[in-house]
Amino acid sequence: MASVSSRLPVFPWDKLEPYKATAAGHPDGIVDLSVGTPVDPVPPLIQQALVAAADSPGYPTVWGTAALRDALAGWVERRLGAVNVEHTNVLPVVGSKELVAWLPTQLGLGAGDRVAYPRLAYPTYEVGARLCGAEPVVYDDPTELDPAGLALLWLNSPSNPTGKVLAKDELTRIVAWARENGVLVFSDECYLELGWEADPVSVLHPDVCGGTYEGVVAVHSLSKRSNLAGYRAAFIAGDADVLGELLRIRKHGGMMTPAPVQAATVAALGDDAHVVEQRARYAARRTALRSALEAHGFRIEHSEASLYLWATRDEPCWETVGHLADLGILVAPGDFYGEAGERFVRVAFTATDERVEAAVKRLG
């Protein structure tokens, strides 16, 4: 019964519970900056689209409605600068975490295959490799990897947890190397619209991929840009052959985005105003928290994009977690994302304005 779960690492967030209890004991309550979950309202036009599609008694399709595919393809061209995007180049998924966790299995990978991801990374890349029995491999520069047996290469720009952004020429170099060596590239770009001190670029931009999507797929989510984490609205775009194979598999697995969520996604991708408004909220929170952390003795590294500050006091991360918990502030320890993060913490700025203000006051 436990043969699959035994392959997986211990679920890291359970280790944070005692610190959460300490922070919750603060007289003014906890300020939870540990998880990057949206707290602001779902924009009204998206809620209205969801409600209007609520009478959906029939089964949705895995590929989605033609209107959804139009919206996905149009957004990829308009926002990412991609060219000649057809319906065969897009595929909705049931939230990006599901895709990350089950992609290696759906690609047919297993023993003898290798799945590579950044040394500091979202833990689910490793989980996906272990679920199918493939070998997880970390990298600093993927082009220094031995391509033998390397079946899947994950990129993540902007990075979770560090907020680091890969420059266009760096992406171009990596994609060229992967193609030369027959390595499939999946680029997790879920924070692409949240660049602060950098302008993130997609692997689907013609300057990176040369106008052809062979061997490259981008992963995008509406969780952060549109406050839709609760909707599980995400999609992938790129190589039509890869997406076609995944579509055939996912049909058998019944991996369908609910019809009302499909309608909400169409509305969300067709409106930029709510994204601008949400960015402004996050920018203000980021500025306030960064200044307070630096004044408190922290050093911020990378963090040029995403919803996090990658912060250190040059001490073991759990000491920092404990110190902040005593102030009623909960953050994520850097070693959740790999051994290289053992002296950092990840500070999310997704809390409400009131809670961010409370954190700033406590740090002061």
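A brief report on the enclosed structure follows. Quick caveat: nothing in here was measured; it's all calculated off a predicted structure.

It is worth spelling out the pattern of salt bridges at this point. Evaluated as defined, the whole model comprises 21 salt bridges. A salt bridge links Asp28 to Arg355, with the nearest nitrogen and oxygen atoms 3.0 Å apart. One end of the pair, Asp28, is in the loop between α1 (17-24) and β1 (31-32); the other, Arg355, is in helix α12 (residues 353-363), and 327 residues separate them in sequence. For Asp28, a relative accessible area of 42% corresponds to the partly exposed category. The salt bridge partner of Asp140 is Arg119, with a shortest N-O separation of 3.0 Å. Of this pair, Asp140 sits in the loop between β4 (135-139) and β5 (150-156) while Arg119 is found in the loop between β3 (114-118) and α5 (124-132), placing the two residues 21 residues apart along the sequence. Taken together, the shared-partner salt bridges connect Asp28, Glu354, Arg355 and Arg362 into one network.

Sheet strands pair by backbone hydrogen bonding; their relative direction is either parallel or antiparallel. One open sheet holds the seven strands; their spatial order is β2-β8-β7-β6-β5-β3-β4, and the pairing between them is mixed. Only two strands of the sheet have a single partner each, and these edge strands are β2 (90-93) and β4. On average, adjacent strands in this sheet sit at an angle of 20° to one another, irrespective of strand direction. Across four bridges, the pairing between β2 and strand β8 (residues 234-238) is antiparallel.

Between Ser157 and Pro158 the backbone carries a cis peptide bond, its omega angle lying at 0°. Phi is positive for His302, which is not a glycine, with a value near 50°. Within the element layout of this structure, His302 appears in the loop between β9 (299-301) and β10 (308-312).

This next bit is on the side chain of Arg286. The topology assignment puts Arg286 in helix α10 (residues 273-295). Arg286 gets classed as buried once you look at its relative accessible area, which sits at 8%. Polar side-chain contacts of Arg286 include one of 3.1 Å to the side chain of Glu197. The residues contacting Arg286, other than those within four sequence positions of it, are Trp196, Glu197, Ser303, Glu304, Leu309 and Phe349.

On inspection of all chains with the given rule, the structure shows three cavities of 30 Å³ or more. The computed volume of the largest cavity comes to approximately 70 Å³. Along the walls of the largest cavity sit 13 residues, with Cys190, Glu193, His220, Ser221 and Arg225 positioned nearest its centre. Partitioning the lining of the largest cavity into residue classes produces eight nonpolar, two polar and three charged. Reported here for the second largest cavity is a volume of approximately 50 Å³. Considering the residues around the second largest cavity, the lining is formed by Leu68, Leu72, Pro92, Val93, Leu222, Ala233, Ala234, Phe235, Thr257 and Thr265. Of all elements in the fold, only α3 (66-80), β2 and β8 reach the threshold of two or more residues within the lining of the second largest cavity. Of the residues belonging to the lining of the second largest cavity, the class tally is eight nonpolar, two polar and no charged.

So, how was this worked out
Starting afresh in each chain, residues are numbered from 1 along the sequence in its written order. This being a predicted model, a pLDDT of at least 70 is required before a residue's local features are given, and a value of 80 or more before pairs of side-chain atoms are given or counted; all residues contribute to the totals for chains, interfaces and linings. Only hydrogens and water are set aside; all other atoms, that is, all heavy atoms of the structure, feed into the side-chain values. Every case where a carboxyl oxygen of Asp or Glu lies within 4 Å of a side-chain nitrogen of Lys or Arg is listed as a salt bridge. A run of H or I in DSSP counts as a helix once it spans at least four residues, and a run of E counts as a strand once it spans at least two, with each numbered from the N terminus. Think of it in three bands: with a 1.4 Å probe and only protein chains considered, a residue is buried below 20% of the maximum accessible area for its type, exposed above 50%, and partly exposed in between. DSSP bridges decide pairing: two strands pair if at least two such bridges lie between them. Axis lines are fitted to C-alpha atoms, over the contacting stretch for helices. Their N-to-C directions set the angle, which ranges from 0 to 180 degrees. Between N or O atoms, a polar contact is any pair within 3.5 Å; within protein, one atom must be a potential hydrogen donor and the other a potential acceptor, and residues adjacent in sequence are included only when both atoms are from side chains. Contact criterion: two residues are considered in contact whenever any of their non-hydrogen atoms come within 4.5 Å of each other. Both site types are read off a 1 Å grid over the protein atoms alone. A 1.4 Å probe that fits but cannot get out defines a cavity, while an open set with protein on both sides within 12 Å along at least five of seven lines defines a pocket; lining residues have an atom within 4 Å of a point. Grid points are joined across faces, edges and corners, and a volume is the space filled by probe spheres set on the points. When residue character is reported, Ala, Val, Leu, Ile, Met, Phe, Trp, Tyr, Cys and Pro are called nonpolar, Asp, Glu, Lys and Arg charged, and the others, Gly included, polar.

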